[in-house]
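# Chains, contacts and geometry: an overview
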Amino acid sequence: MKDKLERFVRDNREDFDVFEPRADLWKDLEKGLGHKERPLWQRPLGWSGLNASRRRVWQMAATVLLVLGLGGFWYVNQKYGVTEQPDMMALNPTYARTVQQYTRLIEGKRGELKTVLESNPALYQQFASDLDRLEKTYQNLKQELPKTPNQEMMIQAMVQNLKTQIDLLNQQLMIIQRIKQQNNETNKLPV
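Residues numbered from 1 in each chain as written. Predicted model: local features only at pLDDT ≥ 70, side-chain atom pairs only at ≥ 80, totals over all residues. Heavy atoms only, no water.

### Considering the overall build of the protein chain
Convention followed: Each helix is a run of DSSP H or I of at least 4 residues and each strand a run of E of at least 2, with the numbering of both proceeding from the N terminus. Contacts between residues were defined by any pair of non-hydrogen atoms, one from each residue, lying within 4.5 Å. The Shrake-Rupley method, run with a 1.4 Å probe, gives the accessible areas here. Residue values count only the displayed protein chains as cover.
Across its full length, the protein chain carries nine helices and zero strands. Listing each helix as α and each strand as β along the protein chain from the N terminus yields α-α-α-α-α-α-α-α-α. Residue pairs at least 24 apart in sequence account for 53% of intrachain contacts in the protein chain once pairs closer than 6 positions are excluded. When the accessible surface of the protein chain is split by element, carbon and sulfur atoms take 58% of a total near 15300 Å².

Structural data, given as structure tokens:
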């Protein structure tokens, strides 16, 4: 039986290799079957194959996905500071979160410090100049970070600088608090 099959294939090999279906075979088959509207999964891709209502559904779905994606990006950025510290985030995510927390804390304390600007501008200028020196040092460290072979040590120095800024701000705010207390006590003394 096997020999007969092999002999048949060998004898008719040319017929197998030459056979090609006609180019219009599929069109004739569709006509013979009675052409019906194709199901959605068999239609060609693209906007032209969709009617207006289906197109609107797809547009709304794309809009919802875009809004969710942007919302997710905003949340991650707020939580981890991806756009605030992209270099730091790429090098060490743990330090990036720490740096972001310290940075926010510093911004808040600087805001508290600005309350002194109206009542004592000279004191505020002195406090601000001390902070500005530390901030310039931090920015220099940040610029040197990509060039430094020991980036871990540089990041630790940056975090230490931020801690020093927070300590300085805390001391300055304590001084302001003492001045306010002294002013309140002198205002309470009978004249």
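### Considering the pattern of salt bridges
Worth spelling out the cut-off: The salt bridge definition used is simple: a Lys or Arg side-chain nitrogen within 4 Å of an Asp or Glu carboxyl oxygen. For every residue, the accessible area (1.4 Å probe, protein chains only) is compared with the maximum for its type, and the residue is labelled buried under 20%, exposed over 50%, or partly exposed between those bounds.
The full count for this structure, using the stated rule, is three salt bridges. With a shortest N-O distance of 3.8 Å, D132 and R110 are connected by a salt bridge. On the criterion of sequence distance, the pair formed by D132 in helix α8 (residues 121-144) and R110 in helix α6 (residues 93-113) is long-range, its members being 22 residues apart. For D132, a relative accessible area of 34% translates into the label partly exposed.

### Section: α6
Selection rule: Expected span of a helix: the number of residues minus one, times 1.5 Å.
Taking 1.5 Å of rise per residue, the 21 residues of α6 would be expected to cover 30 Å, and the 30 Å separating its terminal C-alpha atoms lies within 8% of that figure. Taken residue by residue, α6 has Y95, A96, V99, Q100, I106, K109 and L113 as its buried positions.

### Describing the side chain of Q172
In this fold, Q172 is placed in helix α9 (residues 151-188). Once residues within four sequence positions are removed from consideration, Q172 is found in contact with L113, F127, D130 and L131.

### Here we look at the nonpolar core
The condition that has to hold: Nonpolar cores are built from buried Ala, Val, Leu, Ile, Met, Phe, Trp, Tyr and Cys residues. Side-chain atoms within 4.5 Å join them into one set.
Ranked by size, the top nonpolar core spans 24 residues in total, and within it L113, M158 and I176 carry the most contacts. For this core, the elements supplying multiple residues, two or more each, are α6, α8 and α9. The leading source of residues in this core is α9, at 10 residues. Not counting chain neighbours up to four residues away, the residues in contact with L113 comprise Y124, F127, L131, L169, Q172, L173 and I176.

### With respect to the confidence of the model for the protein chain
As a general rule, the predicted coordinates of low-pLDDT regions are not to be interpreted in detail. The criterion, for reference: The predictor's confidence in any single residue is recorded as pLDDT, a number from 0 to 100.
Chain-level statistics for the protein chain give a pLDDT mean of 78 and a share of 76% at 70 or above. The lowest-confidence element of the protein chain is helix α5 (residues 86-91), averaging 55 in pLDDT; the highest-confidence one is α8, averaging 88.

### Examining the packing of α6 against α9
What describes two packed helices is the angle between their axes and the distance between those same axes. Let me state the cut-off plainly: Axes here mean lines fitted to C-alpha atoms, for a helix over just the part in contact, with angles spanning 0 to 180 degrees between N-to-C directions. Any angle that is under 35 degrees is reported as roughly parallel, and any over 145 degrees as roughly antiparallel; angles of 65 to 115 degrees are reported as roughly perpendicular and all others as oblique. By the definition used in this description, the sense in which the near helix is turned from the far one sets the handedness, with an anticlockwise turn below a right angle giving left-handed and a clockwise turn giving right-handed. Under this grouping Gly is polar, as are all residues other than the nonpolar Ala, Val, Leu, Ile, Met, Phe, Trp, Tyr, Cys and Pro and the charged Asp, Glu, Lys and Arg.
In contact at an axis separation of 10 Å, α6 and α9 are set at 20 degrees when each is read in the N-to-C sense. When the axes of α6 and α9 are compared, the pair comes out roughly parallel. In this structure, α6 crosses over α9, and the sense of that crossing is left-handed. A breakdown of the residues in the contact of α6 with α9 according to their chemical character gives 13 nonpolar, six polar and five charged.

### Looking at the packing of α6 against α8
Where α6 contacts α8, the axes come no closer than 12 Å and their chain directions differ by 165 degrees. Between α6 and α8, the angle falls in the class roughly antiparallel. The element α6 and its partner α8 pack so that their crossing is left-handed. Here V99, R110 and L113 of α6 come into contact with α8, specifically with Y124, F127, L131, D132, E135 and Y138. Class assignment for the residues of the contact of α6 with α8 results in six nonpolar, no polar and three charged.

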